Amino acid sequence: MKLQFTLFNFFQKLLFLFFCFFGIGESTTAQEDYKLWLQYYPIENVNLVNTYTSQIKGITAFGESQTIQIAQKELQLGLQSMLSSRINIEKNSDSKGLIVIGSISNLDDNLKQQLASQITSINNEGYIISSTSNNKKLLVITAKTDIGVLYGVYHFLRMIQTNQSIDNLAIIDSPKINVRVLNHWDNLNGSVERGYAGASLWNWQKLPDFIDQRYIDYARANASIGINGTVLNNVNANALILTPLYLEKVKALADAFRPYGIKVYLTARFSAPIEIGKLKTADPYDPAVQQWWKDKASEIYKQIPDFGGFLVKANSEGQPGPQNYGRNHVDGANMLADALAPFGGIVMWRAFVYSEHDADDRAKQAYSEFVPYDGKFRDNVILQVKNGAIDFQPREPFHPMFGAMPKTPLMMEFQITQEYLGFSTHLVYLPKLYQEVLEADTYSKGKGSTVAKIIEGSLDQHKLTGIAGVANIGNDLNWTGHPFAQANWYGFGRLAWNPSLDSETIANEWLRMTFSNNPNFVSPVLKMMLDSREAVVNYMTPLGLHHIMDTGHHYGPGPWVSDLSRPEWNPVYYHKADNNGIGFDRSSTGSNATAQYAPEVAKQYNNVATCPEINLLWFHHLPWDYKLKNGETLWNGLALKYQEGVNQVTTMQTTWEKMKSYVDENRFKEVQMLLHIQQKEAKWWRDACLLYFQQFSGKELPKGVEKPVHSLEYFKSLKFPFAPGNN
Ligand code: GCV
């Protein structure tokens, strides 16, 4: 009888949880990893559940907007699921122990008064989470705006998800960067440039009438980490997106995303006035062209009143731009800015440029082209600069443009999708890379002038601030291809909100929210994540090597490639290995790229003795017997680094094998298989690169480095004609 009763209770609870998730929740599939970090797993520790339930008696929401409804629903869903009990919605805040949510203007006078001084210290997207001191013991989540309330709700849920105390809360938080966007390199035909997680999420054929639940789930996930914008289409742009046919579809997406605080942006193809506007030119000095863009902006804003603006790749890798008409980046960007200004839109003008006609070191070209224009752009233009001067390598020194244009707002462009880092097959925790760049000191205004302060606008007092992440999202069931690649989306969002956050803290919370709070799981897997980025650097491009991936698709090693038409498309351009040594001399004896940094940084990089070894071959060409700090010769040190990378992946595998009992079967197996591939490919990288470089060093592999089982010819013969993402 007792057993029957317990079983009955158990099933009742199970049924309850089921309805919580699939009745109230937005997810349409039971697959664990579809739910990302919003798993809301029931808390196993009974004492903790009791502590929470004694403090949370229900929810009262003030305000009628869709955003407030979403916040209330999310809070109820999350709490019910995690506490395994019903959380009631109360009409007013009279009873004890309620969570009160609503923007400050909708709260009652008493609460308004209590929070008056705190509310002045947040911005429009910030929030306050505060326990009231009166005998009602309310917990108030409020903000200046409803979207701020939603962000506060996600913060509060994160606290419960990560099992933190909610006693006497006094949290005041605001995002440090205004424009926090994902860049989708999605094409209108559904393919995704450098996308490794399936096809594009946007089903242009079924839009505008069919709103896929995925769009809502996408917006929800982004809102939960504070992302507030999305550029829907590829920077290698198609002008058709700006035609009425597509704008109607874009509007449908914008409407779906709006309650989650996500603005829509589009890439603008510079030649659109010709391609879809029937003009003869796209010259930014031509009045008809200027008018065309003004009319286009007004047409867009009629449909999408909160349209964010344009992202533009101009005169880069074959994309059209103002230089086609003898004009410059300022002319192009300002023309578009003038068209958007009346509506409050912005132009994100990319600084990723390098020219086949410029014989100078590719790493110097963006700086040379843009820095002379400092201060010449309109107020609603922000330059979008990649984290490094080449192209999203496993490691690059920070881009010298950061700190060199104090009169111009610069936004960061990180790549979340793993174009050069093993696609979605390799486990690489990228917030480690992001943090390294954000913390880098540019010395532009003396010590402490970090990249983070530049993009936050605090160093040079800019109001327009931004950060972009090239999305790793596709229509794969788990969104990102690799279950751990979700952490890169998550981590990007968290750092976009606050660039000073520590990547370890972010990984820790992601693991707890996504998998488990069990310390036996969290601590080893945390270590695995934190070590993963360095592992990839070691087995792909140690000691400052870069861009030696096979060309085109960028998957796997190709240091031997030397036959492409443009010199800087060939890996040999970057490593410059010869009998004398290896590395790109960017010091004053070489391309002098070091001179683009502030004197303190330039001096450090320029001198081989002070140049950090992680960037050694980025800045210096050194003999094979050059002595590294650990006493090894460069050749031996390089070979040992490759081996270290392989060993690190083996350790990752060993760690994961022990995690079986903490993870659902599906994700356990997925990660297990992917790590197996990563291990094979780490060896592939090591063997192919070392065999190739050995031709020049003429030296034996040092002790401790495994001998390759294939020949260099074998590695050179490997071809991947249908590698994904390579349009
Ligand atoms: C969207 C690299 C990539 C290209 C990408 C380009 C860019 O070159 O390989 O696919 O194009 O960067 O950022 O514009």
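Here the residue numbering is sequential within each chain, running from 1 through the sequence in written order. Totals for whole chains, interfaces and linings use all residues, but because this is a predicted model, local features are given only for residues with pLDDT of at least 70 and pairs of side-chain atoms are given and counted only at 80 or more. Values shown for side chains rest on all heavy atoms present in the structure; no hydrogens or waters enter the calculation.

## With respect to the site of the ligand
Moving on, step 1. The environment of the ligand is made up of 14 residues, and the closest members are E193, K313, R350, K386 and E419.
Moving on, step 2. Polar contact criterion, stated in full: a pair of N or O atoms within 3.5 Å, where within protein one must be able to donate a hydrogen and the other to accept it, and residues adjacent in sequence count only if both atoms are side-chain atoms. Here N236 contributes a side-chain N or O atom positioned 3.2 Å from an oxygen atom of the ligand.
Moving on, step 3. Here the open area of atoms and residues is found with the Shrake-Rupley method and a 1.4 Å probe, where only the protein chains shown may cover a residue. Here the ligand, which alone exposes 340 Å², has 96% of that area covered by the protein.
Moving on, step 4. Two kinds of site are reported from a 1 Å grid over the protein atoms alone, namely cavities, where a 1.4 Å probe fits but cannot get out, and pockets, open sets with protein on both sides within 12 Å along at least five of seven lines, and residues are called lining when an atom falls within 4 Å of a point. Just a note on the criterion: a molecule sits in a pocket or cavity if more than half of its atoms are within 2 Å of the grid points. The cavity where the ligand resides is the largest pocket.
Moving on, step 5. Each residue gets one label: Ala, Val, Leu, Ile, Met, Phe, Trp, Tyr, Cys and Pro are nonpolar, Asp, Glu, Lys and Arg are charged, and the others, such as Gly, are polar. Residue composition of the shell around the ligand, grouped by class: 3 nonpolar, 3 polar and 8 charged. The cutoff for a nearby residue is simple: one of its non-hydrogen atoms must lie within 4 Å of the molecule or strand.

## Re the confidence of the model for the protein chain
Moving on, step 1. Confidence of the predictor at the level of single residues is given by pLDDT, which spans 0 to 100. For the protein chain, the average pLDDT comes to 95, and 96% of its residues sit at 70 or higher.
Moving on, step 2. Residues are treated as being in contact if the distance between any of their heavy atoms lies within 4.5 Å. Across residues 1–30, where pLDDT falls below 50, the model places 42 contacts with residues more than four positions away in sequence or in other chains.

## Focus: the UniProt feature "domain: Glycosyl hydrolase family 67 C-terminal" (unreviewed entry) in the protein chain
Moving on, step 1. UniProt positions are given in the numbering used here, feature names are shortened, and annotations may be inferred rather than shown by experiment. Taken from the UniProt record, the annotation "domain: Glycosyl hydrolase family 67 C-terminal" (unreviewed entry) applies to residues 480–705.
Moving on, step 2. In DSSP terms, a helix is any run of H or I states spanning at least four residues, a strand is any run of E spanning at least two, and both are numbered starting from the N terminus. In the segment residues 480–705, helix accounts for 53% and strand for 0%; the C-alpha atoms at its two ends are 34 Å apart.

## Observations concerning helix α3 (residues 66–83)
Moving on, step 1. Taking 1.5 Å of rise per residue, the 18 residues of α3 would be expected to cover 26 Å, and the 25 Å separating its terminal C-alpha atoms lies within 8% of that figure.
Moving on, step 2. Burial status follows relative accessibility: with a 1.4 Å probe on protein chains alone, a residue under 20% of its type maximum counts as buried, one over 50% as exposed, and anything between as partly exposed. Counting buried positions along α3 gives 14 out of 18 residues, so the element sits mostly inside the fold.
Moving on, step 3. Residue S84 follows α3 closely and has a positive phi angle near 50 degrees. The length a helix should cover is 1.5 Å for every residue beyond the first.

## Points about the pattern of salt bridges
Moving on, step 1. The salt bridge criterion pairs a side-chain nitrogen of Lys or Arg with a carboxyl oxygen of Asp or Glu, the two atoms within 4 Å. Within the structure shown, the criterion is met by 30 salt bridges.
Moving on, step 2. As a salt-bridge pair, R220 and E74 come within 2.9 Å of each other at their nearest N and O atoms. Placement of R220 in helix α6 (residues 213–224) and of E74 in helix α3 is noted, with a sequence separation of 146 residues between them.
Moving on, step 3. Among the residues examined, R220 registers a relative accessible area of 7% and is labelled buried.
Moving on, step 4. In this structure E74 comes out as buried when scored by relative accessible area, which is 5%.
Moving on, step 5. Close ionic contact of K527 with D531 constitutes a salt bridge, the shortest N to O distance being 2.5 Å. Residue K527 and its partner D531 are both found in helix α16 (residues 519–540); the two are separated by 4 residues, about one turn of the helix.
Moving on, step 6. Classification of D531 by relative accessible area gives partly exposed; the value is 31%.

## Brief notes about the sheet that holds strand β12 (residues 381–386)
Moving on, step 1. At least two DSSP bridges between two strands are required for those strands to pair. Strand order around the closed barrel formed by 8 strands is β7-β8-β9-β10-β11-β12-β13-β14, with parallel pairing between neighbours. Sheet twist, expressed as the mean angle between neighbouring strand axes with direction ignored, is 25 degrees.
Moving on, step 2. Summarising the sheet, strand β10 (residues 309–312) and strand β11 (residues 346–350) pair through 4 bridges and their orientation is parallel. Across the sheet, residue L311 finds its bridge partner in β11, namely M348.
Moving on, step 3. Every angle, taken between N-to-C directions, lies between 0 and 180 degrees, and every axis is a line fitted to C-alpha atoms, over only the stretch in contact when it is a helix. Where helix α7 (residues 244–257) meets the sheet, its contacts fall on β8 (229–231) and β9 (263–267), and the angle it forms with β9 comes to roughly 150 degrees.

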